[in-house]
Amino acid sequence: MTVTEIEGRAVGPKAAPRAATWAALFRLDALERVFPALVIGYFALQALVRSMMPGGLGIDEAEQRVMLQSLEWGYGGQPPLYTWAQAGVSAVLGEGKLGFAVLKNACLAGAVLGASAIARRVSGSARAGMVAGLAMVLLPQFSWEAQRSLTHTPLAVAAGMAATLSALHLAERPGLGRAAVLGLALAACCLSKFNAAVFLVAVPLAMGVAARPALGWCLASLGFALVLVAPTAVWTASNLAALTQDSGAFRAATDGGFAARLAGIWKFALAAVLFLALMAAALAAAFAWRGAVARDEGRPLERRLLAWVLGLALGVSLLAVLVSGATEVKERWLQPVLCLAAPLAAALLAKRLSDGSMRWFLRGTGLLVLVLLVAVPMNLRLGGGRPAYQMLPFAPVAAQLATTGPTDLFVLGHLEAGNLLQAAPGLRALIPRYPGMGVPVEAPVQMVWRVPVDAPPGELLALFEARFGRAPKIGPVEVLTAPFVWPHEGVLEIRRAVAR
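These notes cover the structure that comes with them.

1. Describing the nonpolar core
Here is step 1: Ranked by internal contacts, the top residues of the largest apolar core, which has 103 residues, are Met 136, Phe 142, Phe 199, Met 207 and Phe 287.
Here is step 2: Looking at which element gives the most residues to this core, the answer is helix 8 (residues 152-172), with 11 residues.
Here is step 3: Beyond its immediate sequence surroundings of up to four residues, Phe 287 is in contact with Val 131, Leu 349, Arg 352, Leu 353, Ser 357, Met 358 and Phe 361.
Here is step 4: Counting 41 residues, the second-largest nonpolar core is a separate cluster that includes Tyr 75, Phe 410, Leu 463 and Leu 480.

Written as structure tokens, this is what we have:
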């Protein structure tokens with residue numbers, strides 16, 4: 001009987017076709033074809049793991065739980081689109097952790113698939129599309145921070161990818177349908193997170209520079225987007241104090257003049273460099289030094305348009321820093337714009353994606369993906385030297401609040417409020433951060449706070465007076481406690497007092 005040696009192992013003749021099948025599955029061209037399915041599978045797994053973890057809600061999930069009580073045109077410093085989408089998902093999947101995990105991971109998957117589609121379109125290379133999607137893993141603010149904590153930002157990144165991809169399609173063949181899709185995507189940028197509104201300026205400007213025949217249709221798209229954004233814009237104009245109070249990404253300078261402006265420019269540049277450093281180093285190590293291989297030239301016009309969208313969006317963002325006098329710029333704030341660097345870099349490297357370099361790149365990013373599959377849940381479970389937000393034992397406290405006092409709450413923080421609502425769905429809660437929400441609370445209410453002070457904080461007193469038009473009469477303060485769960489020691493202390 002003949003024997004075939006496969007990977008140093010003697011097997012029978014029937015094993016050879018089976019081994020060939022497995023080898024074919026892991027060929028580069030096969031991976032390129034199944035890459036979208038792998039992306040969806042990865043984020044579906046992350047959503048499943050998150051939904052099955054013990055504990056409550058993280059800080060951004062808890063904020064969404066508070067917002068879900070009432071659909072509004074805006075929430076303090078946050079636009080409404082993510083919460084509207086979360087309301088739809090929760091209506092189908094329920095208000096448990098699964099709904100929160102599914103929406104966020106759907107946004108993350110959409111962002112990766114969008115980056116892949118952009119690179120594939122402008123380069124004409126499916127391999128470049130796969131590199132662009134994997135390069136997103138090399139952006140820690142996206143692959144780690146957004147997966148671990150954020151909500152609005154993943155939607156803003158996905159919306160920015162959709163707007164850019166729609167602009168590329170419109171530039172290729174202008175028309176009413178494609179203009180309408182671009183208008184929807186631009187509106188989604190503005191309604192997902194206010195810093196993503198830079199695409200409303202950058203995309204039309206880029207179209208005017210790189211694809212002028214489509215500029216008229218692009219301006220029509222902008223007009224359509226502005227109509228869709230108008231109700232939220234009116235609400236925002238009427239609530240500017242809440243908007244500026246809740247703006248944590250920028251810290252505006254009140255003095256310092258020109259020196260303060262230079263500090264803002266420096267912080268902007270530093271944030272951009274730190275955001276892109278790992279991706280740039282990895283792509284350079286894998287591909288930049290390689291000689292060119294035969295590849296399709298792709299679409300040079302659309303590649304220029306992509307570069308202009310990225311450059312102009314960065315320019316508009318920097319202008320916002322200078323005008324506002326911001327002296328602090330967080331990397332997270334730049335995420336919707338800088339993530340476009342992944343498809344642009346992959347498109348520019350399309351001629352250098354040889355088989356050998358691709359295999360090394362796939363090994364490195366594949367290993368990083370496996371690390372993230374383990375590290376993200378561990379961080380959510382254990383925290384970083386202190387209990388993770390979602391592992392704080394709010395459930396026993398929520399049960400006491402729901403059974404021993406009024407079920408309407410005024411809560412100091414959204415982490416506390418969201419977790420109390422999640423653990424005891426019969427409760428209703430308002431927080432000082434979003435005082436205008438249409439939650440139908442009635443006096444008496446329980447004032448709830450976690451800071452170690454023995455009287456209701458001033459923010460809760462002001463919220464009561466604004467809501468009911470009078471100062472509250474405060475009952476005795478009680479301290480409710482619950483022990484931390486393993487591996488952390490100590491107790492969670494929540495203070496409450498009935499206000500009439």
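2. A closer look at the pairing of strand 9 (residues 491-499)
Here is step 1: Strand direction decides the pairing type here: strand 7 (residues 445-449) and strand 9, joined by five bridges, are antiparallel. Counterpart to Val 448 in the pairing with strand 9 is Arg 496.

3. Some points on the packing of helix 5 (residues 97-123) against helix 16 (residues 341-348)
Here is step 1: Relative to each other, helix 5 and helix 16 sit at 30°, their axes nearing to 8 Å. The orientation of helix 5 with respect to helix 16, classified from their angle, is roughly parallel. Remark: the crossing between helix 5 and helix 16 carries right-handed chirality. Together, Ala 115, Ile 118, Ala 119, Val 122 and Ser 123 of helix 5 and Pro 343, Ala 346 and Ala 347 of helix 16 make up the contact between the two elements.
Here is step 2: Looking at side-chain class alone, the contact of helix 5 with helix 16 contains seven nonpolar, one polar and no charged residues.

4. Some remarks on the environment of Met 161
Here is step 1: Structurally, the position occupied by Met 161 is in helix 8.
Here is step 2: In the structure, Met 161 is positioned 24 residues away from Ala 185 in sequence and 8.8 Å away in space, judged by C-alpha atoms.

5. Some words on the pattern of salt bridges
Here is step 1: As enumerated under the stated definition, the model contains 17 salt bridges in all.
Here is step 2: Glu 302 serves as the salt-bridge partner of Arg 121, at 2.8 Å between the closest nitrogen and oxygen. Linking Arg 121 in helix 5 with Glu 302 in helix 14 (residues 300-324), this pair joins segments that are 181 residues apart in sequence. Each member of the pair, Arg 121 as well as Glu 302, is classed as buried.

6. Observations regarding the packing of helix 9 (residues 176-192) against helix 10 (residues 198-210)
Here is step 1: One can describe the packing of helix 9 onto helix 10 by two numbers: an axis separation of 8 Å at closest approach and a directional angle of 145°. Between helix 9 and helix 10, the contacting residues are Leu 182, Leu 186, Cys 189 and Cys 190 on the first element and Phe 199, Leu 200 and Val 203 on the second.
Here is step 2: Residue composition of the contact of helix 9 with helix 10, grouped by class: seven nonpolar, no polar and no charged.

7. Some thoughts on the packing of aromatic side chains
Here is step 1: Enumeration over the complete set of coordinates arrives at seven aromatic pairs.
Here is step 2: Ring geometry for Trp 73 and Trp 84: centres 5.6 Å apart, planes at 80°, overall edge-to-face. In this pair, Trp 73 sits in the loop between helix 3 (59-67) and helix 4 (81-93) while Trp 84 sits in helix 4, placing the two residues 11 residues apart along the sequence.
Here is step 3: Pairing Phe 410 with Phe 464 gives two aromatic rings, centres 6.1 Å apart and planes at 70°, and the pair type is edge-to-face. Residue Phe 410 is located in strand 5 (residues 408-411), and its partner Phe 464 is located in helix 20 (residues 458-468); the two are separated by 54 residues in the primary sequence. With respect to burial, Phe 410 and Phe 464 carry one shared label: buried.
Here is step 4: Taken together, the ring pairs in this structure connect Phe 410, Phe 464 and Phe 468 into an aromatic cluster.
Here is step 5: In this structure, Arg 363 packs its charged tip against the face of Trp 360, placed 5.0 Å from the ring centre.

8. Points about the sheet that holds strand 7
Here is step 1: Across the sheet, five strands lie side by side as 6-5-7-9-8; this open sheet has mixed pairing. Either end of the sheet is taken by a strand with one partner, and the two such strands are strand 6 (428-430) and strand 8 (478-483). This sheet shows a mean twist of 30° between the axes of neighbouring strands, independent of strand direction.
Here is step 2: Sitting on the sheet, helix 18 (residues 394-403) touches strand 5, strand 7, strand 8 and strand 9, and the angle it makes with strand 8 is about 145°.
Here is step 3: Lying over the sheet, helix 20 contacts strand 5, strand 6, strand 7 and strand 9, oriented at roughly 150° with respect to strand 7.

9. Here we look at a nonpolar patch on the surface
Here is step 1: Together, Val 92, Leu 93, Leu 98 and Val 102 make up a nonpolar patch on the protein surface, roughly 320 Å² of accessible area in all.
Here is step 2: Of all the secondary structure elements, the ones that give two or more residues to the nonpolar patch are helix 4 and helix 5.
Here is step 3: Here Val 102 is to be found in helix 5.
Here is step 4: Residue classification places Val 102 among the partly exposed residues on the basis of a relative accessible area of 30%.

10. Let's talk about the side chain of Thr 164
Here is step 1: Within the element layout of this structure, Thr 164 appears in helix 8.
Here is step 2: In this structure, Thr 164 is in contact with Ile 118, Phe 199, Leu 306, Val 309 and Leu 340, ignoring residues within four places of it in sequence.

11. Notes on unusual backbone geometry
Here is step 1: That bond from Ala 443 to Pro 444 is cis: its omega, 5°, falls within 30 degrees of zero.
Here is step 2: Note that Pro 444 resides in the loop between strand 6 and strand 7.

12. Some thoughts on helix 8
Each α-helix turn comprises 3.6 residues. Residues three or four places apart therefore point the same way.
Here is step 1: Helix length check: helix 8, at 21 residues, gives a terminal C-alpha distance of 31 Å against a target of 30 Å (1.5 Å per residue), a fit within 8%.
Here is step 2: The buried fraction of helix 8 amounts to 18 of the 21 residues, a majority that puts the element mostly inside the structure.

Criteria and cut-off values
- Residues numbered from 1 in each chain as written.
- Predicted model: local features only at pLDDT ≥ 70, side-chain atom pairs only at ≥ 80, totals over all residues.
- Heavy atoms only, no water.
- Core = buried A, V, L, I, M, F, W, Y, C linked by side-chain atoms within 4.5 Å.
- Buried < 20%, exposed > 50% of the residue type's maximum accessible area, 1.4 Å probe, protein only.
- Helix = DSSP H or I, 4+ residues; strand = E, 2+ residues; numbered from the N terminus.
- Contact = heavy atoms within 4.5 Å.
- Pairing = 2+ DSSP bridges.
- Axes fitted to C-alpha atoms, helices over the stretch in contact; angles between N-to-C directions.
- Parallel < 35°, antiparallel > 145°, perpendicular 65-115°, else oblique.
- Left-handed = near helix turned anticlockwise from the far one by under 90°.
- Nonpolar A, V, L, I, M, F, W, Y, C, P; charged D, E, K, R; others polar.
- Salt bridge = Lys/Arg side-chain N within 4 Å of Asp/Glu carboxyl O.
- Phe/Tyr/Trp six-rings, centres within 6.5 Å; stacked < 30°, edge-to-face > 60°.
- Lys NZ or Arg CZ within 6 Å of the ring centre and 35° of its normal.
- Patch = residues over 30% accessible without salt bridge, like charges linked within 9 Å, V, L, I, M, F, W, Y side chains within 5 Å.
- Areas by Shrake-Rupley, 256 points an atom, 1.4 Å probe, with all protein chains shown as cover.
- Expected span 1.5 Å × (residues − 1).

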